[in-house]
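Residue-level structural notes
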Amino acid sequence: MLIKSAGYLIVFLAVIAFMSCSGSVVINSAPEANITKSMVEGKVGSAVSVSGEGKDVDGDKLTFEWSIISFPTGKDESGKDIKSAPAITLQDDGSKISFTPKLKGIYFLRLVVSDGILKSSPAYGTVYISSDKPNILIVDAGQDQVVNAGSTVTLNATVQSDPKDLLYSIKW
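The following refers to the structure shown. In this text the structure is predicted, and so the values were computed from the model without any measurement. (Residues numbered from 1 in each chain as written. Predicted model: local features only at pLDDT ≥ 70, side-chain atom pairs only at ≥ 80, totals over all residues. Heavy atoms only, no water.)

Let's talk about the pattern of salt bridges
- On inspection of all chains with the given rule, the structure shows two salt bridges.
- Between Lys119 and Glu65 there is a salt bridge, with the nearest N and O atoms lying 3.3 Å from each other. Placement of Lys119 in the loop between strand S13 (105-114) and strand S14 (123-130) and of Glu65 in strand S8 (residues 63-70) is noted, with a sequence separation of 54 residues between them.
- In this structure, Asp81 and Lys83 form a salt bridge, with 3.7 Å as the shortest nitrogen-oxygen distance.
- Relative accessible area serves as the criterion here: at 38%, Asp81 is assigned to the partly exposed category. (Salt bridge = Lys/Arg side-chain N within 4 Å of Asp/Glu carboxyl O. Helix = DSSP H or I, 4+ residues; strand = E, 2+ residues; numbered from the N terminus. Buried < 20%, exposed > 50% of the residue type's maximum accessible area, 1.4 Å probe, protein only.)

Overview of the sheet that holds strand S7 (residues 48-55)
- Spatially, the four strands line up as an open sheet ordered S5-S7-S12-S11, and their pairing is antiparallel. Across the chains shown, the open sheet's two edge strands, defined by having one partner strand only, are strand S5 (32-35) and strand S11 (89-91). Adjacent strand axes in the sheet meet at a mean angle of 25°, parallel and antiparallel pairs treated alike.
- Note: S11 against strand S12 (residues 96-99), three bridges, orientation antiparallel. Looking across to S12, one finds that Leu90 is bridged to Ile97. (Pairing = 2+ DSSP bridges. Axes fitted to C-alpha atoms, helices over the stretch in contact; angles between N-to-C directions.)

Topic: the environment of Lys61
- Position of Lys61 relative to the elements: it lies in the loop between S7 and S8.
- Look at Lys61 and you get exposed, because its relative accessible area is 71%.
- On a C-alpha basis, the gap between Lys61 and Ser114 in space is 8.3 Å, while along the polypeptide they are 53 residues apart.
- The contacts of Lys61, once residues within four sequence positions are left out, are Ser114 and Asp115. (Contact = heavy atoms within 4.5 Å.)

So, a nonpolar patch on the surface
- Residues Met39, Ile69, Ile106, Phe108, Tyr124 and Tyr128 make up a contiguous nonpolar surface patch of roughly 560 Å² in combined accessible area.
- Elements supplying a minimum of two residues to the nonpolar patch: S13 and S14.
- Considering the arrangement of structural elements, one finds Tyr128 in strand S14.
- Note on Tyr128: relative accessible area 36%, which makes it partly exposed. (Patch = residues over 30% accessible without salt bridge, like charges linked within 9 Å, V, L, I, M, F, W, Y side chains within 5 Å. Areas by Shrake-Rupley, 256 points an atom, 1.4 Å probe, with all protein chains shown as cover.)

With respect to the nonpolar core
- Counting 20 residues, the largest nonpolar core has Val50 and Val127 as the members making the most contacts within it.
- Looking at this core, the elements that each hand over two or more residues are S5, S7, S8, S12, S13 and S14.
- Broken down by element, the residue count for this core peaks at four residues, all from S13.
- The contact partners of Val127, leaving out residues within four places of it in the chain, are Val40, Val48, Val50, Phe99, Gly105, Ile106, Tyr107 and Leu109. (Core = buried A, V, L, I, M, F, W, Y, C linked by side-chain atoms within 4.5 Å.)

Structural notes on unusual backbone geometry
- Phi at Asp92 is positive, roughly 55°, even though this residue is not glycine.
- Position of Asp92 relative to the elements: it lies in the loop between S11 and S12.

Describing the pairing of strand S6 (residues 39-43)
- Taking every second residue as pointing to the same face, the buried face of S6 carries Val40 and Gly42, while none of Met39, Glu41 and Lys43 on the other face is buried.
- Bridge analysis of S6 against S14 gives five bridges, and the strand direction is parallel. Counterpart to Glu41 in the pairing with S14 is Tyr128.

Description of the sheet that holds S14
- The strand order across the open sheet built from four strands is S6-S14-S13-S8, with neighbouring strands paired in mixed fashion. Edge positions in the open sheet fall to S6 and S8, since each of these has one partner strand only. Each strand of the sheet is rotated relative to its neighbour by a mean of 25°, with strand direction disregarded.
- Across seven bridges, the pairing between S13 and S14 is antiparallel. If you follow Gly105 over to S14, its bridge partner there is Ile129.

Next comes the structure, spelled out in structure tokens:
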């Protein structure tokens, strides 16, 4: 925040000064937020936990504000259209959360802590969610064949297991 007063430029950097009843000045510094593990991995349909922490040099009690700011949308495995972020469940004092993703993809989280007067700058984390099914492609090259050396062999490949959303090509 910039304030120009009587030809002077005064800059306030996330510090607020208060006058107490006794007339002394009390200074409050903004807290700091941190997501303890900035990259977490999980599976579709399984709860994912993320932890954060807040630091306040003034020793004020902190509250935690979590949000999922970006998430995949589309149809889940049952065909239901998913257009909103999964619900967040707060744990402990709010420094830890969990959520159950319904779609694979990347989820971006934001954490802001507050001391009741000032808020921290946001901390960000990423959660990578993979399918609950293994990404294994199984290809059958056809019936066993007995051929003479130097003879042409013809194979007819068929895909036996085709994981959803797995890109592949088959080369002989």
